[in-house]
Amino acid sequence: MRYGRALLEVEKPGRYEGLEAGAVVKDWGAARCRVALCFPDVYEIGMSHLGLPILYAAVNGRDGLLAERAYAPWHDMEALLRARGWPLVTRESGRALREFDLVGFTLPYELVATNVLAMLDLGGVPLLAADRGQGDPLVLGGGPVAANPEPLADFFDALFIGEAEEGLVEAVEAVAAAGPGRADRLDALAGIDGVYVPSRVRPRYRGGRFDGFDPAIRVRRRLVPDLDGARPPARPLVPFISTVHERLAVEIARGCTRGCRFCQAGYLYRPVRERAGRAVCDLVRDGLGATGFDEVGLLSLSTGDYTGIGPLLVSLMDEHAGDRVSVSLPSLRVDSLEPRLLEEVRRVRRTGFTVAPEAGTARLRAVINKNVSEEEILGAARRIFDAGWKAVKLYFMVGLPYETQDDRQGIVDLVRRVAAEMPAGRGRVTVSLSNFVPKAHTPFQWVRQIGLDEIREIQGFFRERLQRVKRVELKWHDARLSALEGVIARGDRRVGAAVLAAYRLGCRMDSWTSELRWDAWQEALAGAGLDLAGALAARDPDGPLPWDGVDVGLDPGFLRREWERAGAGAATADCRDGNCHGCGLCDFDRVRPRTGQPLAYPPPSPPPVPDEPDPPPRLRLRFSKVGPASLLAHLETVAALHRALRAAGVPIVYSRGFHPQPRMTLGPALPLGTESLAEVGDVKVREVPPLAEIQRRANQHLPEGLRIEAVWVLPPDTKGLTGGGTREEYRVTPTPEADRAAAGAGGWDARVASFWAAAPFQVVKRRKHKKDRVLDAREFVEGLWRDGADLVVRVRRRDDGTTVGPEDLVHALAGLPDGVRAAARVVKERSDR
Ligand code: SF4
């Protein structure tokens, strides 16, 4: 099933229906095993996540296996589903989660726990693994949170440890081969390397403390030894609604061996594995051609550490700058900012620059193994400002082990020194304070996490000292979110009871400060017998830990040695260049640091500056926007057409300046949900391309329902699309409620006659987040008649763009009360443009 026009009742309907390219719809009946891949946060966040599309492509790439996707519904959608008794369904076939053989969750951060339960519940899957029976799907989890699987163990039949693209297909094949029996399927999963089956081990407790498992187990994590052997999907998933990052994401390396002692990802994703420079260039070229994106994100835990990042950037810019492609490097370390790199970054990125000293003094930075000196931090800030950046963000962590008041004062002093590097009269420093949360499989896994009052006191200290410093902005993380994250990150199986209770008390979207229901969480924790101080307390370094069943490959003594070195403030150098510290991850055969296939700097060549005729030719597009595409907002429609035209090879003209924009205009915005057979858009081009060919190619890159119907070259003196004076004709199919109301008032013909008899005829124009506006519809309506079961309305649009909405008019004609929809369908059939 599809949710259809009921989606107009929720805030962002495009989160739930179609509107993306690259989705794969396979034959349900022909599949040997069907997997629903779930991301337990909203669609905009999930679509910016690198992992899920890789798994989706891997499963769908196999004959007879089928993967579809679902994302967590926002509160309004959950309320709609519950009110109508509808299940949460996948985007591809619209089937409920309960219909799949496997339901797999990516678990990127701890505070998605209640969202997982909401998705299971709405998808018709029992929440507890123990309650699932024959015919229910097996529920599988994976991702960083699975490194300590115990807090969520009761909800999962199995958890995948490590990098799932290495073993997920194997696991799905094993389930397919096992036949329909639930126990057989679970046996098959348990036989796969890297799969942890919680029901096969029983946690022991002594004196209220976790005391080990019966039987003792160790599940070894899976990893991809060589990124060049793991090519990402050839046709990436491209969302057409606005998401967190609208760019082509290319993973250039995995793993970071800098060894920051607080960083779980640094330990979970060892060793460092770089993709060869040539392979990155190929992926960027293919990805841009397939998507039409104008930004590329080069992703890794520490992009600046990529061997040959400078030549890579120059090569990419030389190849793509002429097409107005920009490159972003989201993670650069201070000490990777050599001048040449900064120069290259300046060519491609002009937004703010982030520097992460993490701690305010050299002593504490040595404790956490963030080995950058104050001189390097200030030097980097100076070079960043000198190079023309106006804004620098500084990231710090508070509540670190061995932190003292001097270290906090050190942050204040460092911020003031960085601020002093700002050029006179301009610049801004944003200071972001996060709260340290100790994580499993790190050298700090045993330490105490500071409590709420301590965090608040520390935040107060910074507010007092930094909030009034000119051109310095202070941001801090909600202490309650950090406390909850800490409870789940190092919890044992008893935490699951609190998560379940919190879910039942209505907690959802807990990682959003605005949505956190702290009272409910406190009640849930107390109900599960957990007190916050106990949950955040130090762990016995000689005692058992809830994540002992997970072997991420680290030598058991390594983390202990690193913890001791932290106390001594001793540095552990990066091992990427052969300086191995024996962490245990590498066998130096299959698994080893893989670096050193960088590109050389290409010969200098001036960046291509495309010729632009003056005035440039202008193309007019006539396009239709029906079905799911009617759920695209105006700017999303512009973005979809822009990307499709780029992917089709149309030489679009861009504005000048720091943020070049396509010289593209569409006709007046359609209300969300209104379909149209008569939309128009203008785009300026450097030269006229073969029109039939670009129309055909662009249509291959547009979402379902958005289609270019015709393209032609405009005579130079043709009026543009801004302004009004147009006439438009709409067909409105009334809802049964509107039909009933109209029948009660003499029928539609009588209502239409009363419209022509009335002067004025007032219609309320509803506007989201703005005051309603009352218009006299007689000023705008030039034609109104009944055509079978529909009403047809011809309206005039004023020069300022104002007109009366056809659905608002029908609402007023029927005399419906507020909040009742008047139109089951509205289609714009004609426009005189
Ligand atoms: S085994 Fe040695 S080279 Fe490999 S990740 Fe660990 S410290 Fe680095």
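Preceding block: the structure.
It should be emphasised that the depicted structure is a prediction, and the values quoted were computed from it without experimental measurement.

Definitions and cut-offs
Residues numbered from 1 in each chain as written. Predicted model: local features only at pLDDT ≥ 70, side-chain atom pairs only at ≥ 80, totals over all residues. Heavy atoms only, no water. Core = buried A, V, L, I, M, F, W, Y, C linked by side-chain atoms within 4.5 Å. Buried < 20%, exposed > 50% of the residue type's maximum accessible area, 1.4 Å probe, protein only. Contact = heavy atoms within 4.5 Å. Helix = DSSP H or I, 4+ residues; strand = E, 2+ residues; numbered from the N terminus. 1 Å grid on protein atoms, 1.4 Å probe; cavity = no way out; pocket = protein on both sides within 12 Å on 5 of 7 lines; lining within 4 Å. Points joined across faces, edges and corners; volume = space filled by probe spheres on them. Nonpolar A, V, L, I, M, F, W, Y, C, P; charged D, E, K, R; others polar. Pairing = 2+ DSSP bridges. Axes fitted to C-alpha atoms, helices over the stretch in contact; angles between N-to-C directions. Parallel < 35°, antiparallel > 145°, perpendicular 65-115°, else oblique. Left-handed = near helix turned anticlockwise from the far one by under 90°. Near = heavy atom within 4 Å. Salt bridge = Lys/Arg side-chain N within 4 Å of Asp/Glu carboxyl O. Polar contact = N/O pair within 3.5 Å; in protein donor to acceptor, adjacent residues only side chain to side chain.

A. Structural detail: the nonpolar core. Residues Phe 105, Leu 298, Phe 462 and Trp 521 are the most contacted members of the largest nonpolar core, which totals 218 residues. In this view, Phe 105 contacts Cys 38, Pro 40, Val 116, Met 119, Leu 120, Val 139, Leu 140, Gly 141, Gly 142 and Phe 156; residues no more than four positions away in its chain are not counted. With 27 residues, the next largest nonpolar core counts Ala 742, Leu 791, Val 804 and Ala 814 among its residues.

B. The environment of Val 752, seen in detail. Its location among the elements puts Val 752 in helix α23 (residues 748–757). Every residue in contact with Val 752, bar those within four places of it in the chain, is listed here: Leu 784 and Leu 791.

C. Region of the structure containing the layout of surface pockets. Estimates place the volume of the second largest pocket at around 1,700 Å³. Along the walls of the second largest pocket sit 48 residues, with Pro 671, Leu 672, Arg 766, Arg 767 and Lys 768 positioned nearest its centre. Every element with two or more residues in the lining of the second largest pocket is listed here: α20 (634–647), β26 (727–734), β27 (762–765) and α24 (806–814). Of all the elements, α24 adds the most residues to the lining of the second largest pocket, at five residues. Of the residues belonging to the lining of the second largest pocket, the class tally is 22 nonpolar, 10 polar and 16 charged.

D. Expanded view of the sheet that holds strand β15 (residues 295–299). Strand order in the open sheet formed by three strands is β12-β15-β16, and the pairing between neighbours is parallel. Every interior strand has two partners, whereas the edge strands, β12 (248–251) and β16 (326–328), have only one. Across the sheet, the axes of successive neighbouring strands diverge by a mean angle of 25 degrees, strand direction being ignored. Where β12 and β15 come together, four bridges link them in parallel fashion.

E. Geometry of the packing of helix α13 (residues 405–420) against helix α14 (residues 452–466). Where α13 contacts α14, the axes come no closer than 11 Å and their chain directions differ by 30 degrees. The angle between α13 and α14 falls in the class roughly parallel. Taken as a pair, α13 and α14 cross one another with a handedness that is right-handed. Mapping the contact onto sequence places Gln 405, Arg 408, Gln 409, Ile 411, Val 412, Val 415 and Arg 416 in α13 and Ile 458, Phe 461, Phe 462, Arg 465 and Leu 466 in α14. Counted by class, the contact of α13 with α14 contains seven nonpolar, two polar and three charged residues.

F. Region of the structure containing the site of the ligand. Close to the ligand lie Arg 270, Pro 271, Cys 575, Cys 580, His 581, Gly 582, Cys 583, Gly 584, Leu 585, Cys 586, Phe 588 and Pro 593. Of the residues assigned to the shell around the ligand, the class counts are eight nonpolar, three polar and one charged.

G. Here's a closer look at the pairing of strand β17 (residues 353–358). Within β17, five of the six residues are buried, which leaves the element mostly enclosed by the surrounding structure. In the sheet, β17 pairs with strand β18 (residues 391–398) via four bridges, with the strands oriented parallel. Its bridge partner lying in β18, Thr 354 is registered against Lys 393.

H. Representation of the pattern of salt bridges within the structure. Evaluation of the coordinates by the stated rule reveals 72 salt bridges. The closest approach of N and O atoms between Glu 20 and Arg 91, which form a salt bridge, is 3.3 Å. Taken together, the positions of Glu 20 in strand β1 (residues 20–21) and Arg 91 in the loop between α3 (75–84) and β4 (102–106) put the pair 71 residues apart, joining distant regions of the chain. A salt bridge links Glu 163 to Arg 273; the shortest N-O distance between them is 2.9 Å. Placement of the pair is Glu 163 in the loop between β6 (158–160) and α5 (168–177) and Arg 273 in strand β14 (residues 273–274), with a sequence separation of 110 residues. Each member of the pair, Glu 163 as well as Arg 273, is classed as buried. Among the charged side chains, a network of salt bridges with common partners joins Glu 163, Glu 165, Glu 251, Arg 254 and Arg 273.

I. Seen up close, the environment of Arg 797. One can find Arg 797 in the loop between β30 (790–796) and α24. A relative accessible area of 8% means that Arg 797 is categorised as buried. For the pair Arg 797 and Ala 710, spaced 87 residues apart in sequence, the C-alpha separation works out to 24 Å. Among the polar contacts listed, one links the side chain of Arg 797 to the side chain of Glu 728, at a separation of 2.8 Å.

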